[in-house]
Each structure stands twice: as C-alpha cells, then as structure tokens.
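Per-entry structural report
Next come the chains, spelled out residue by residue.
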Amino acid sequence: MRATSPPDEEMAESPTAKRKREEKDGENGTAASQGESAAGSFPLAEMSVRKVLRESARDKTIFLHGQVNSASGDGTDAVVILEKTPFQEDSIAELLKKHTQLQLQMSNDIYSTYHLYLPPELNGIKTTVVYPATEKHLQKYLRREVYLIQETGEDYKNITLPFIQSQSFSIQWVYNILEKKAEADRIVYENPDPADGFVLIPDLKWNQKQLDDLYLIAICHCRGIKSLRDLTAEHLPLLRNISQEGKEAIVKRFGIAGTRLRVYLHYQPSYYHLHVHFTALSYDAPGCSVERAHLLSDVISNLELDSWYYEKRPLAFALRADEPLLKKFQEAGRV
Ligand code: M7G
C-alpha cells in the first residue's frame, strides 16, 4: 500500500494553498495540471452554440452542444458545461475589497439589492469540455423524461448485459488514469495491488477550489468488473480497501473525515469499469438520488450476508425516454 506522489507534505496542502500555488504557477506560465492545460487549448471563442442541452437555475449550470469548425469547414461536436462555482470562504475578504463596482438595483427602507462586479480572477466559471463529443455524449446531457425500471437478475442477463456488451462507450479515460497516461499528477492515493487495489482521483466534476462540493472517484485496478451486478463476496477485500483507505487518504489530504462523506456506487453507471464515488455529505451531488446511488457500506454488508446478493436481487434505476436500453425493456415487455 502506498500513497503516490505528491509527497506527504504536499498531500496535506489545503485548497487555499493549492489555489495560491496554481495562481502563481499560472503567472510563471506553468500548467497547473494536465487537465487544465488540455482544456486551455480548447478554442472556446471559435465555438458556435448549436443547442442548449440542459440548464438549471438552481445548480447554476448550462450544458451546451457546440461546434468547432475545422480547416476543411466541417463542424466537430463539443459538449461544454459552464458552472458557477460555490463561494470560497477564504477569498470573501479579498472579494469585498477588490470588487470593481457595486451597482444599486433597488432600495426600500433598510432593504437594498445590488449587482456586484468582480475582477476576473475572483469570478471564474468552471468549464468542462468533451471534445470531440460523440452522439452518445450529446444524448447523455440532453434533458428528457425519465422512467423507473425494476431490473430483476434475469432481466440483467437477458436484456441489460447483452445491451452493455453491444455498446462501445469508451472507457479509455479510465485506462489512461490507471496506466498514468492522463491525470497522473492529480492522483490523491493509490493502492497498486492488481486485484484489490485502486486509484483515488478528483472527479472531473470537482475543481478542487473549495471543499463544499468535494468529489473524488476510486477506480479499481482490476478490469472486467462492470458494475454492482458483478460484485460477489470475492470482491469484499477490494471494497473494504476502497472504503477504508479512500477515507484515510481524504482526511489526510483534505481534512474531511469519513463521517462527513457519502461513499457510493451508481447503478446503472455511465462507464462499465467498477468505480466508487466519494462526495461531501452536505453536497447534493448529481446522481446521488435513491434510484441511482448505493452506499458502499450497504454494498459491503449485503455481500457479507449473501455473496450472490447483487446477482439475484431486483435493482431499480431510471432511464431517459431516448435511451436505447429503455427500448430493449419495452420490447421485452418489461415496462
Ligand atoms: P458513472 O457513475 O459511471 O456515471 O461515474 P456518471 O458520469 O453518469 O455519474 C463516472 C464518474 O467519472 C463521474 O462522476 C464523472 O464525472 C467521472 N469522470 C468521467 N470522465 C470522463 C472523467 C475523466 O476523464 N477524469 C476524471 N477524473 N473523472 C471522470
């Protein structure tokens, strides 16, 4: 068992210290991480918006289907997600001091509202880019009606498994992480055991600038465990390692104890290589609803009781109206 680089002193780096270091790195022209340098090369200004796939006033996010013209004039599809990030407590004083304008909107007795304008470095928007994006990416982010499915063990074997096997949603990004070909500098912890080991890394959805929306994923080294359905008592050592060592690494690096984390698996996942989500308990993360999230502690307890629990039991999940898997369930007369 080992913690990967960065070394321990750097492991204990707070988000504030990290932000300051990254700002400094930026000034010196050093890329803060592979992910950020790659996104930096995306030609955002040249992208035309084809469609708003989804937007949420509550989450302050917008999902765009964009197109970037190539030299030959063909448009290449992209998904761009813009998200206003939570406030960082430690930068509030700076924000109040450095604001460029406070414009009065209305005033009534002791009540007033304003528009506060900030300098660019305090007004960043988290931007996630999928480029080039496939049709499946575009569909994934498009808002549609959803239906709840009750999948029995038999349904899994007869409908879902053949469907998953016929699909080719690439998990190359997972192998890139495991083989240190991408995001190697972002790894928070690794247990390198090929059977019971995993890599713990910040999720694509988390910019690491504040802890309120902390989000990491543990990706197991072992290949071929597609999802919760494949888990048996044989995988208990792996699952216990992820639970225990994942929490230890998070408290060491970010100071958040295991009792303040929601640790769970998705069923269905988007990517069929076993991974576990670690999010801040107070954060209402996308996909943590009861019809999708299965607490890792429950999964471990269920497998301790019965090795074949997840092979046998019906599992509920939601499918969007346009999803081909819903069509397969409809054709089989199961919806
Ligand atoms: P999932 O349960 O398969 O599906 O989780 P979901 O995306 O519908 O939640 C996969 C998780 O991996 C998600 O939380 C993604 O945000 C995250 N993720 C996806 N990609 C492509 C990457 C990536 O390239 N790097 C990292 N670090 N995380 C990713």
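Residues numbered from 1 in each chain as written. Predicted model: local features only at pLDDT ≥ 70, side-chain atom pairs only at ≥ 80, totals over all residues. Heavy atoms only, no water.

Some words on the site of the ligand
In plain terms, the rule: Whether a residue is near a molecule or strand is decided by its heavy atoms; if any one of them lies within 4 Å of it, the residue is near. Identification of polar contacts relies on pairs of N or O atoms within 3.5 Å, with a donor-acceptor requirement for protein atoms, meaning one able to donate a hydrogen and the other able to accept it, and with residues adjacent in sequence counted only if both atoms are side-chain atoms. Calculation of accessible area relied on Shrake-Rupley with a 1.4 Å probe; when residues are assessed, cover is drawn exclusively from the protein chains displayed.
Taken together, 17 residues surround the ligand, and among them Glu183, Asp203, Lys205, His266 and Ser270 come closest. One of the side-chain N or O atoms of lysine 140 is found 3.0 Å from an oxygen atom in the ligand. Contact between the ligand and tyrosine 271: an oxygen atom at 3.0 Å from a main-chain N or O atom of the residue. Starting from 590 Å² of accessible surface for the ligand in isolation, the protein chains cover 89%.

Some details on the packing of helix H8 (residues 236-254) against helix H9 (residues 296-305)
How we decide: Interaxial angles span 0 to 180 degrees and are taken between N-to-C directions of axes, which are lines fitted to C-alpha atoms, for helices over the stretch in contact. Helix and strand labels come from DSSP, where a helix needs a run of H or I of at least four residues and a strand needs a run of E of at least two; each type is numbered from the N terminus. Comment on the angle field: the value is read as roughly parallel under 35 degrees, roughly antiparallel over 145, roughly perpendicular from 65 to 115, and oblique elsewhere. By convention the crossing between two helices is left-handed if the near helix lies anticlockwise of the far one by an angle smaller than a right angle, and right-handed if it lies clockwise. Contacts are residue-level and defined by heavy atoms, with any inter-residue pair within 4.5 Å sufficient. Under the scheme applied, nonpolar residues are Ala, Val, Leu, Ile, Met, Phe, Trp, Tyr, Cys and Pro; charged residues are Asp, Glu, Lys and Arg; polar residues are all the others, including Gly.
It is at 10 Å that the axes of H8 and H9 come closest, and there the two elements cross at 155°. When the axes of H8 and H9 are compared, the pair comes out roughly antiparallel. For the pair H8 and H9, the sense of crossing is left-handed. Contacts between H8 and H9 involve Leu236, Leu239, Arg240, Ile242 and Ser243 on the former and, on the latter, Leu296, Val299, Ile300, Leu303 and Glu304. Its residues placed into classes, the contact of H8 with H9 shows seven nonpolar, one polar and two charged.

Some details on the nonpolar core
The criterion, for reference: Among the buried residues, those of types Ala, Val, Leu, Ile, Met, Phe, Trp, Tyr and Cys that are joined through side-chain atoms within 4.5 Å form a nonpolar core. When accessible area is computed with a 1.4 Å probe and restricted to protein chains, residues below 20% of their type maximum are described as buried, those above 50% as exposed, and intermediate ones as partly exposed.
Formed by 62 residues in total, the largest nonpolar core has its most connected members in Leu200, Leu214, Leu216, Leu231, Ile250 and Phe278. With residues up to four places along the chain from it excluded, the contact list for leucine 214 reads Trp206, Ile250, Phe254, Ile256, Leu261, Phe278, Thr279, Ala280 and Tyr283.

Description of the side chain of arginine 320
Residue placement: arginine 320 occurs in strand S14 (residues 315-320). Since its relative accessible area comes to 17%, arginine 320 is described here as buried. One polar contact links the side chain of arginine 320 to the main-chain carbonyl oxygen of lysine 140, over a distance of 3.4 Å. For arginine 320, the contacting residues outside a window of four places in its chain are Gln139, Lys140, Leu142, Arg144, Glu145, Val146 and Leu326.

Some points on the pattern of salt bridges
The cut-off we apply is this: What makes a salt bridge here is a side-chain nitrogen of Lys or Arg within 4 Å of a carboxyl oxygen of Asp or Glu, nothing more.
One pass over the full model with this rule turns up 17 salt bridges. Close ionic contact of lysine 157 with glutamate 154 constitutes a salt bridge, the shortest N to O distance being 3.8 Å. Taken together, the residues lysine 157 and glutamate 154, both in helix H6 (residues 153-166) and three residues apart, mark about one turn of the helix. Across the pair glutamate 179 and arginine 223 runs a salt bridge whose closest N-O atoms are separated by 2.9 Å. Taken together, the residues glutamate 179 in the loop between helix H7 (172-178) and strand S8 (189-191) and arginine 223 in the loop between strand S10 (215-220) and H8 connect sequence positions 44 residues apart. Here the salt bridges share partners, and the residues they tie into one network are Arg58, Asp59 and Asp284.

Some points on H6
Since the α-helix packs 3.6 residues into each turn, any two residues three or four apart lie on the same face. Our working rule: Helix span, as expected, comes to 1.5 Å for every residue beyond the first. Two axes define the bend at a residue: one fitted to the seven residues ending there, one fitted to the seven starting there, and the bend is the angle between them.
In this model, H6 (14 residues) spans 19 Å end to end at C-alpha, consistent with the 20 Å of a helix rising 1.5 Å per residue. Along H6, the sharpest kink reaches roughly 35°, centred on threonine 160 and followed within four residues by the proline proline 162. Listing the buried residues of H6 in full gives Gly153, Asp155, Tyr156, Ile159, Thr160, Leu161, Phe163 and Ile164. Elements that come into contact with the buried residues of H6 comprise strand S7 (146-151), helix H10 (309-312) and helix H11 (324-331).

Comments concerning the sheet that holds strand S12 (residues 275-280)
Selection rule: DSSP bridges decide pairing: two strands pair if at least two such bridges lie between them.
The antiparallel open sheet is built from six strands, whose spatial order is S8-S9-S10-S12-S11-S13. The outermost strands of the open sheet, each flanked by one partner alone, are S8 and strand S13 (293-295). Averaged over all pairs of adjacent strands, the angle between strand axes in this sheet comes to 30°, irrespective of strand direction. Relative to S12, S10 runs antiparallel, the two being bridged by five bridges. Directly across from alanine 218, in S12, lies its bridge partner valine 276.

Remarks on the pairing of S12
Within S12, six of the six residues are buried, which leaves it mostly tucked inside the rest of the structure. Neither face of S12 is exposed, since His275, His277 and Thr279 on one face and Val276, Phe278 and Ala280 on the opposite face are all buried. Across four bridges, the pairing between strand S11 (residues 261-266) and S12 is antiparallel. Paired with valine 263 across the strands is phenylalanine 278, a residue of S12.

A look at empty space enclosed by the protein
Just so we agree on the cut-off: Buriedness of a pocket was judged along seven lines, with at least five required to meet protein on both sides within 12 Å; pockets are open sets of points on a 1 Å grid over the protein atoms alone, cavities are sets where a 1.4 Å probe fits but cannot get out, and lining residues have an atom within 4 Å of a point. Grid points are joined across faces, edges and corners, and a volume is the space filled by probe spheres set on the points.
Evaluation of the coordinates by the stated rule reveals one cavity of 30 Å³ or more. The calculated volume of the largest cavity comes to roughly 50 Å³. Surrounding the largest cavity, Lys226, Ser227, Leu228, Leu265, His266, Pro269, Tyr271, His273, Leu274 and His275 form its lining. Within the lining of the largest cavity, the residues separate by chemical class into five nonpolar, four polar and one charged.

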